[in-house]
Amino acid sequence: MIKRLASALLLAMLALPAIAAFDVGQLMDDLARHKGGTAKFVEKKYISLLDKPVVSTGEMSFTPPDQLEKRTLTPRVETMRLDKDIISIERDKQKLSIRLSSQPEALAFIDSIRGTLTGNRAALEKNYLLSLAGTTDKWVLTLLPSDQKISALVLRITVSGNKNQIRTIEYLQADGDRSVLSIEPLELR
Amino acid sequence: MNRAGRAFLLWLLAMLAGAAIVWNSHFTADMSFFLPAHPTAEQQVLVDQLKEGVVSRLLMVAIAGGDEGQRAALSRDLRRRLAKMPEFVSLQNGEVGSQDADREFLFRHRYLLSPAVEPGRFTVAGLHQAIADNIERLASPIGMLLKPLLARDPTGEMVELLSQLNSASQPDSRAGVWASHDGQRAMLLVQTAALGSDTDGQEAAIALIRTQFAASAQEQGIANASLLLSGPGLFAVNARATIKNEVTRLSTISTLAIIAVLFFVYRSLRLLSLGLLPVLSGALAGIVAVSLAYGTVFGITVGFGSALIGEAVDYSIYYFVQSAGNGAAAWKRSFWPTIRLGVLTSTAGFGALLFSGFPGLAQLGLYSLSGVLTAALVTRFVLPQLGDAGQLRDLAPLGEAVQGALRRLHKLRWPVLGLALAAALSLFVQGGHLWNPELSALNPISQADQALDQALRADIGAPDSRYLVVIAAADQEAALQAAEKTASRLAPLVSSGALGSYDSPARFLPSQASQQARRASLPAGDELRSRLQAAQQDSPLAAGKLEAFIEEIEQARQAPGISRATLDGSSLALAVDSLLLHHSQGWSVLLPLHPGEQPIDAATVRQALSGSGALFIDMKGEFNALYNNYLHEAMLLSLAGVLAIVVLLAVTLRSARRLAGVLLPLVLAVLIVIATLHLLGERLHLLHLIGMLLIVAVGSNYALFFDRSKDGPALAPQTLASMLIANLTTAIGFGTLALSQVPVLHAVGVTVGPGAILALLLSAIFIRRETPR
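Residues numbered from 1 in each chain as written. Chains lettered and ligands numbered in written order. Predicted model: local features only at pLDDT ≥ 70, side-chain atom pairs only at ≥ 80, totals over all residues.

A. Main features of the overall build of chain A. Across its full length, chain A carries 5 helices and 11 strands. Out of the 189 residues belonging to chain A, those deemed buried represent 23%. Across chain A, contacts joining residues at least 24 apart in sequence account for 38% of those joining residues at least 6 apart. (Helix = DSSP H or I, 4+ residues; strand = E, 2+ residues; numbered from the N terminus. Buried ≥ 20, exposed ≤ 12 C-beta atoms within 10 Å, placed from the backbone. Contact = placed C-beta atoms within 7 Å.)

Right, dumping it as structure tokens:
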């Protein structure tokens, strides 16, 4: 009995701070602990002009703190790599590199992904207002751009996940079109 | 009027006529000094590009100091100020909106511009495929950027156009304008209206940029901002300033030093001014001859005047010192033949350069030849009319001292021979590494300027224009068609990765034939509508949503074709103008090639173009080939010059032994000078080689005097003194050139200056003394 009480107390003691502290800070700490890895993704782009969403699938991998690779396999092979502040896109035999520092708006957009993946609250709050809902097992983080130049590109970014794993990222564009990126981890490092 | 008066009057008239010609001469300090007089087709392209090419008109401007915002504000303001001026045809600083005109042009004319517009493109199957491909592109990470164009351009012609453009990296951007990689400098790219060969125009444009920048910085109250500039135009302006400055500086140094020597010797203002008469005549005659023969006088040629002064003054020294006490008639009889032979050997040496295909060298040859000849003639025929040495102080003590030294010098024969042997061996071992194989060795641009240029070039990503394809055509249409045909041969190389990309004027100004063919592929409205219905049945993009597209196609069918004037107002006009050239013989098209991940292999490109009449040019390779031609030619000319001197001496001296006696010290002097320069780390190039020839040509004058003494009595002290003084002035004249920053002048100076002294010294050492045979 005492033993059970003690273990319940212990559980409560462990659980209580977790529940009480599940705020943006806690989520960021969790995300920051993610060691990167490889995941499958499905991306659906809903465009008003098109009757059906445009679907692409592939794999993405992330190596903290700033290397992100997105390999689209269907409908067409295309690789996008983000290394520090250089984003490069390879398609067929064409290769395009953009230095992000020359494109402040694009940088802010990329920072939404990178900031979330690395749990970098300061980077996110530089350009977005953050709000969090849910629990550690099922959370939804909403990013609202604080700068008009960015909101011309994207109205709202919604990231959802469980624990330190991101499951979906949804971008809502100013014209009402949106894209939803679903992520299925393949392995955890 | 007496004889003296007549002679002086004649001389004065000739001088005035010469001065009038010089006054009207055209002086230049541009690259043409180095450019071939009789270029091959490939070299002609090189020459045209250097003189008139777009790259020769580009200036890179960097703004440093202040903070990021201040630099950006200065960049914007400077662009705004310069854009109003006719001196500039293009100003780029990466400002937002500065490329709107280009994009707008491409989008408006996309159906005439896109090479994807072919007869099959707008059939049911073609439309289905093109639209499906374009929707697929939306799946790409950059797909959202394409989305706004979907309704008007569902077949993705704009993407086709953009994907063809050189995707060379754009400069970085800070605060909305181009910046260096480290963000510490704002960058602008300026194209001048003045041609690269128009140094005055370039200088004016550069001055404008500087004053406008200063005004802008002051207006905005930014005190610590500074401007950095580089580019071919600045190089030309700086090179000219350097040469101008050096001509004055070097001539002043050598003139003052020589006047000091002469005054020490003569102690008479009259003799001093009379002694400078032949020099002045020679310098003037040199420029007159070059001006009359070539039309244009290079600054470097005039810079060579310092050496000419030192050489030309010798004759009057000989005259005054040697005729003192004996009178002019005796001098003419006993000394003039030796001096005349010396003049002839010098003439042979300089004359060899006349045959050079390197215009700078040919000019130097003509300038020195006519200068030396005139100075000698004036000394011989004018000077004796005007006066003799009169009360010239007795130089015998000096001569006797030299005589004393000569006796001891004699012992140095074997050590000198050993030294020369060592020099020959060390040169032989170095062999092929002795000569610098690059034309850049002659580049008068300072290291600091070159380093700044490289830094700015890296920051702004200015294209290097090493590889070019050039096609000649009779008219513009033929030229554009040829560009399109050549492009179709280059395209496979781009797909295979052998080539990164290429530029073509036909990209923005297609030939009329291509425009008509593309227009003919565009279906009429109703026809297109029904084809879309069929093509889009099971597509997510319903035909009903594509009315905007049908309208755009109809507009393209009606719109007038693209002509050069259509491009006005966009920076594409500039791109076309720089690649499509109209000249007196017709038209030429340039297609610059850019490497991809691997370097360009010339053989692969040549093979792809074989039989097309297009010329592939590697500019750097051409430059080095050009220089190696010069070097090769200079070797032949030097040998020919030395041979001419040897023949001249052989005919006059009529004795193998005497000939050997004259030549041996000269050969040893050349060996020792060259080996010493090499050991001192001097990178030897073409002009050192010419210097070797000049050591023989100039040095033979001294050797001949010693030879002369073998027949008759030993050299009189007075004669020895005259040789010593003449040698000193020659060494001063050539030696001054060694102070020059211009490699061409410096090389001749460091070679001939010490070489002349050595020639005298070694001639003295190897003179056959009255020792028992």
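B. View of the overall build of chain B. The helix and strand inventory of chain B stands at 30 helices and 13 strands. Relative to the compact-globule value of 28 Å for 773 residues, chain B shows a C-alpha radius of gyration of 35 Å, a clear excess of over 25%. In terms of overall dimensions, chain B has a C-alpha envelope of 115 × 55 × 50 Å along the principal axes. Across the 773 residues of chain B, 46% fall into the buried class. Relative to all contacts within chain B whose residues are 6 or more apart in sequence, the contacts with residues 24 or more apart total 82%. (Rg over C-alpha atoms; globule rule 2.2 N^0.38 Å.)

C. Geometry of the packing of helix 13 (residues 305-323) of chain B against helix 29 (residues 717-737) of chain B. All names here are of chain B. One way to put it is that helix 13 packs onto helix 29 with a least axis distance of 7 Å and a crossing angle of 170°. What the angle tells us is that helix 13 and helix 29 run roughly antiparallel. The class makeup of the residues in the contact of helix 13 with helix 29 is 12 nonpolar, 10 polar and 2 charged. (Axes fitted to C-alpha atoms, helices over the stretch in contact; angles between N-to-C directions. Parallel < 35°, antiparallel > 145°, perpendicular 65-115°, else oblique. Nonpolar A, V, L, I, M, F, W, Y, C, P; charged D, E, K, R; others polar.)

D. A look at the interface of chain B and chain A. Facing the 23 residues of chain B at the interface are 23 residues of chain A. Of all elements in the fold, only helix 6 (124-138) and strand 4 (172-174) of chain B reach the threshold of two or more residues within the side of chain B that touches chain A. Among the elements that make up the side of chain B that touches chain A, the one with the highest residue count is helix 6 of chain B (3 residues). Of the residues that constitute the side of chain B that touches chain A, the class distribution is 10 nonpolar, 9 polar and 4 charged.

E. Region of interest: unusual backbone geometry. A cis geometry characterises the amide bond from threonine 74 of chain A onward to proline 75 of chain A, with omega recorded as 0°. By secondary structure assignment, the location of proline 75 of chain A is in the loop between strand 3 (67-74) and strand 4 (78-83). The phi dihedral of arginine 267 of chain B is positive, around 55°, even though this residue is not glycine. Within the secondary structure, arginine 267 of chain B is located in the loop between helix 10 (232-266) and helix 11 (269-294). One non-glycine residue, arginine 654 of chain B, adopts positive backbone phi at about 50°. Within the secondary structure layout, arginine 654 of chain B lies in the loop between helix 26 (619-653) and helix 27 (656-679).

F. Seen up close, helix 29 of chain B. With 21 residues, helix 29 of chain B extends 31 Å between its outermost C-alpha atoms, agreeing within 8% with the 30 Å of an ideal straight helix rising 1.5 Å per residue. With 20 of 21 residues buried, helix 29 of chain B lies mostly within the body of the structure. (Expected span 1.5 Å × (residues − 1).)

G. Structural view of the domain arrangement of chain B. Domain boundaries assigned for chain B yield domain 1 (3-25 + 235-434 + 622-766) and domain 2 (465-508 + 562-613). Here domain 1 of chain B and domain 2 of chain B have C-alpha centroids that lie 51 Å from each other. (Domains from an automatic or database assignment.)

H. Representation of the environment of arginine 91 of chain A. Within the element layout of this structure, arginine 91 of chain A appears in strand 5 (residues 86-91). Note: C-alpha distance between arginine 91 of chain A and serine 131 of chain A (40 residues apart in sequence) is 36 Å. Apart from the residues within four sequence positions on either side, arginine 91 of chain A is in contact with Glu78 of chain A together with Ser140 of chain B.

I. Up close: the packing of helix 15 (residues 336-353) of chain B against helix 26 of chain B. All names here are of chain B. Two numbers describe how helix 15 lies on helix 26: the axes approach to 8 Å, and their chain directions differ by 160°. Between helix 15 and helix 26, the angle falls in the class roughly antiparallel. Relative to helix 26, the crossing made by helix 15 is right-handed. Where helix 15 abuts helix 26, its residues Leu341, Leu344, Thr345, Ala348, Gly349, Ala352 and Leu353 lie against Leu637, Ser638, Ala640, Gly641, Ala644, Ile645, Leu648, Leu649 and Thr652. (Left-handed = near helix turned anticlockwise from the far one by under 90°.)

J. Representation of the pairing of strand 9 (residues 156-162) of chain A. Residues and elements named next belong to chain A. The alternating pattern of strand 9 places Ile157, Val159 and Gly161 on a buried face, while none of Arg156, Thr158, Ser160 and Asn162, on the opposite face, is buried. Relative to strand 9, strand 8 (residues 138-145) runs antiparallel, the two sharing 5 bridges. If you follow threonine 142 over to strand 9, its bridge partner there is threonine 158. Pairing of strand 9 with strand 10 (residues 165-172) involves 7 bridges; the strand directions are antiparallel. What sits directly across from threonine 158, in strand 10, is glutamate 170. With antiparallel pairing between neighbouring strands as the criterion, strand 9 and strand 10 make up a hairpin whose turn holds 2 residues, including lysine 163 at a positive phi of roughly 50°. (Pairing = 2+ DSSP bridges.)

K. Quick peek at the nonpolar core. In this structure, Leu468, Ala669, Ile690, Ile695, Val748 and Ala759 of chain B are the most contacted members of the largest nonpolar core, which totals 230 residues. Tallying contributions element by element places helix 28 (residues 686-711) of chain B first for this core, with 16 residues. Taken together, domain 1 (3-25 + 235-434 + 622-766) and domain 2 (465-508 + 562-613) of chain B each give at least three residues to this core, which thus spans both. If you look at the next biggest cluster of nonpolar residues, it comprises 21 residues, including Leu27, Leu68, Val154 and Ile169 of chain A. (Core = buried A, V, L, I, M, F, W, Y, C linked by C-beta atoms within 7 Å.)

L. Structural context of the confidence of the model for chain A. The share of residues in chain A with pLDDT of 70 or more is 84%, and the mean pLDDT across the chain is 81. Taken as a whole, residues 12-20 of chain A scores under 50 in pLDDT and shows 1 contact with residues more than four places along the chain or in a different chain. (pLDDT = per-residue confidence, 0-100.)

M. Inspection of the confidence of the model for chain B at higher detail. Averaged over chain B, the pLDDT score is 87; the fraction of residues at 70 or greater is 96%. For this predicted complex, the interface confidence score (ipTM) comes to 0.79, while the overall pTM stands at 0.76.

N. Up close: helix 6 of chain B. Here helix 6 of chain B contains 15 residues, and its C-alpha end-to-end distance of 21 Å stays within 8% of the 21 Å for a straight helix at 1.5 Å per residue. Restricting attention to buried positions, one finds in helix 6 of chain B the residues Leu127, Ala130, Ile131, Asn134, Ile135, Arg137 and Leu138 of chain B. Each buried residue of helix 6 of chain B sits inside an arc of 150° when the element is viewed along its axis, so together they form one side. The inward-facing, buried residues of helix 6 of chain B abut strand 1 (37-46) and strand 2 (54-63) of chain A together with helix 7 (143-146), helix 8 (157-164) and helix 22 (525-535) of chain B. (Arc of directions from axis to C-beta.)

O. A look at the environment of valine 667 of chain B. Residue and element names in this part refer to chain B. As for its position among the elements, valine 667 is in helix 27. According to the C-beta neighbour criterion, valine 667 is partly exposed, with 18 such atoms within 10 Å. In this structure the C-alpha to C-alpha distance between valine 667 and isoleucine 695, which are 28 residues apart in sequence, comes to 8.9 Å.

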